[in-house]
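Summary of structural features
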Amino acid sequence: MIIYQGIVTVAMARNPCLIRAEQHMASDLTSSDYTILPGGASLRRRDLVFVVNPRGANGTTVQQWKKLLPYVRSRLGNDCNICESLTSGPSHAVDITREAIREGADAVIAVGGDGTLHEVVNGFFCGGKPVCNHDMNSSHSTALGIIPLGTGSDFARTLGWKNDPHDAIERIAKGLKSKIDVGCIAGEIGESHYFINVADIHLSAKAGYYASRYKKFGNLCYVIGALQAFFRHHNQDLRMKVDEGEWEVCSQVTALCIGNAKYFGGGMKITPNANPSSGDYEVVILQDFKWYDFVLKGHKLYNGTHLSVKNVSSRRARSIEIEEFGSSGSIYVQSDGEFLGFLPRKFSILPGVIELIC
C-alpha cells in the first residue's frame, strides 16, 4: 500500500512535523490495496485520512471521536484504508492535508468544528496553487470530507446536514462528490489564505477575534466576543472595488461579510443567499449600526431576514478589494472564524476547485 507507507515513513523524513500526529497509526493500516468481491473481482480500497484536533471543543471532540472510531472501522474498514491523524498544534492540519494529497489519498476528512475544517481546506493549497499528487500519472484527485463535531459547524448548516456524525459516515461510505467553490484572500504581502464559509471585516471580525479567547464557554463565546468588540467600536468608511470595476466609497461600515456559505458565528445566517457552488460570493454590508440595532434586530441576523432592514445591503461578486478610507490600520479581517490581520485585502472566488463528499 503506497499512500500510508508514504505518509508514515517517507513523509516524516521530508516533514518531521508530521511525526507526532502520525507515527502511532501503523496499527490502523492494512496491507492490501484491494477488496476481493464475490466471484473473484477486485475493487481498489479507498485511502481515507481522518484529521482530528484533540483540543477541539475543550477536548470533547477527541472524546466523541474515540467513541465513534469503532463504528468508522466497522462501516468503512472493509472497503477503505483508514488513517487516524491527531493534530499537535495550530496549522498542523494544513501540513497533514498537504502530505496526504501529495501521497495520493482519496479523501481527507475534517473531524471537528469549523476551525479544523478551515485548516484542512487551506491544506488543499500551497504557494498559491492547489496541491497535487506526487504521482503525475494518477487520474484521481483528493476529496474533502466532513464529520461535524466541536464548537461550531456552520458550513454543515449551509448544506442542510444534521449534526449527526453517523450521517456523515454514511455520506463517506457512499462516496458521492460535488464540486464546491473556495474563497481566496490576498494581502499586500505574504501567502494567500483560503476559506470555505464566510470572511468578514470590522465589527464582526473583531468579535470573532475576541470570541476565540472564550472557546471554553461553547457557543456563548460569540456573545462574549461581541460584547467586548462593541467597546470603543466606531463605524468606518471603506473603499471597495467589485469585479475589477471602479473604486467606490462605502460609508460608515459596521460590518462587511463575504459569504461563500450562509452561516457564521455559531448559527448566524449572515449571507442567506450564498451558495458554495454558485461561482460567486454574496456580500452583505451593515452600515451605521448602533448597539441597540443589534438588540432590536439581532434575531433577524440569525434567521436570515435582515436584508430587508434599513442600512443593510447585499450584492453578488466574484472578487472584491477592500481598503480603509483613512490610515488607522485597525480594521480587523477574519475568515471562517480565524483572525487574519487587518485591511487591505482582496477576496477572489475559486469556482469548483475542491470536490466535497456530499
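Everything below is about the structure printed above this text.
Here goes a summary of the coordinates provided. (Residues numbered from 1 in each chain as written. Predicted model: local features only at pLDDT ≥ 70, side-chain atom pairs only at ≥ 80, totals over all residues. Heavy atoms only, no water.)

Once that is clear, we can look at the nonpolar core. L117, V120, L144, F155 and I354 are the most contacted members of the largest nonpolar core, which has 29 residues in total. Only β3 (46–52), α4 (92–102), β5 (107–112), α5 (114–123), β8 (143–148), α6 (154–158), β9 (177–186) and β19 (345–357) provide two or more residues apiece to this core. Every residue in contact with L144, bar those within four places of it in the chain, is listed here: V108, L117, V120, V121, F124, I196, I354, E355, L356 and I357. (Core = buried A, V, L, I, M, F, W, Y, C linked by side-chain atoms within 4.5 Å. Buried < 20%, exposed > 50% of the residue type's maximum accessible area, 1.4 Å probe, protein only. Helix = DSSP H or I, 4+ residues; strand = E, 2+ residues; numbered from the N terminus. Contact = heavy atoms within 4.5 Å.)

Judged by which residues are buried, strand β17 (residues 332–335) turns out to be covered on both faces: Y332 and Q334 on one side and V333 and S335 on the other are all buried. Across 3 bridges, strand β11 (residues 198–202) lies against β17 in antiparallel orientation. Residue pairing for β17: I201 is matched across the bridge by V333. With 4 bridges joining them, β17 and strand β18 (residues 338–342) adopt antiparallel strand pairing. Looking across to β18, one finds that Y332 is bridged to F342. In this structure, the hairpin formed by β17 and β18 is closed by a connection of 2 residues, where D336 is found at a positive phi of approximately 50°. (Pairing = 2+ DSSP bridges.)

Among the structural elements, F325 can be located in the loop between β16 (319–324) and β17. With relative accessibility at 41%, the residue F325 sits in the partly exposed group. Considered as a pair, F325 and Q236 are 89 residues apart in the sequence and their alpha carbons are 7.7 Å apart. Leaving out residues up to four positions away in the same chain, F325 has contacts with Q236, D237, L238, R239 and V249.

On to the packing of aromatic side chains, then. Summed over the entire model, instances satisfying the criterion amount to 12 aromatic pairs. When the centroid spacing of 5.0 Å and the interplanar angle of 75° are considered together, the rings of Y332 and F342 count as edge-to-face. With a gap of 10 residues between them, Y332 in strand β17 and F342 in strand β18 connect regions that are remote in the sequence. Each member of the aromatic cluster is reached from another via a ring pair, and the members are Y209, Y210, Y332, F339 and F342. (Phe/Tyr/Trp six-rings, centres within 6.5 Å; stacked < 30°, edge-to-face > 60°.)

The subject of this paragraph is the pattern of salt bridges. Scanning the entire structure with this criterion turns up 9 salt bridges. Here R316 makes a salt bridge to D280, at a shortest N to O gap of 2.8 Å. Here R316, found in strand β15 (residues 312–317), pairs with D280, found in the loop between β13 (247–259) and β14 (281–287); they are 36 residues apart in sequence, far enough to count as distant. Exposure remark for R316: the relative accessible area of 35% places this residue in the partly exposed category. (Salt bridge = Lys/Arg side-chain N within 4 Å of Asp/Glu carboxyl O.)

What follows is about helix α9 (residues 220–230). Burial in α9 covers these residues: C221, G225 and A229. In an axial view of α9, the angular spread of the buried residues amounts to 70°, which keeps them on one side of the axis. Contacts made by the buried residues of α9 are with α8 (203–211). R232 sits one or two residues past α9 and shows a positive phi near 65°. (Arc of directions from axis to C-beta.)

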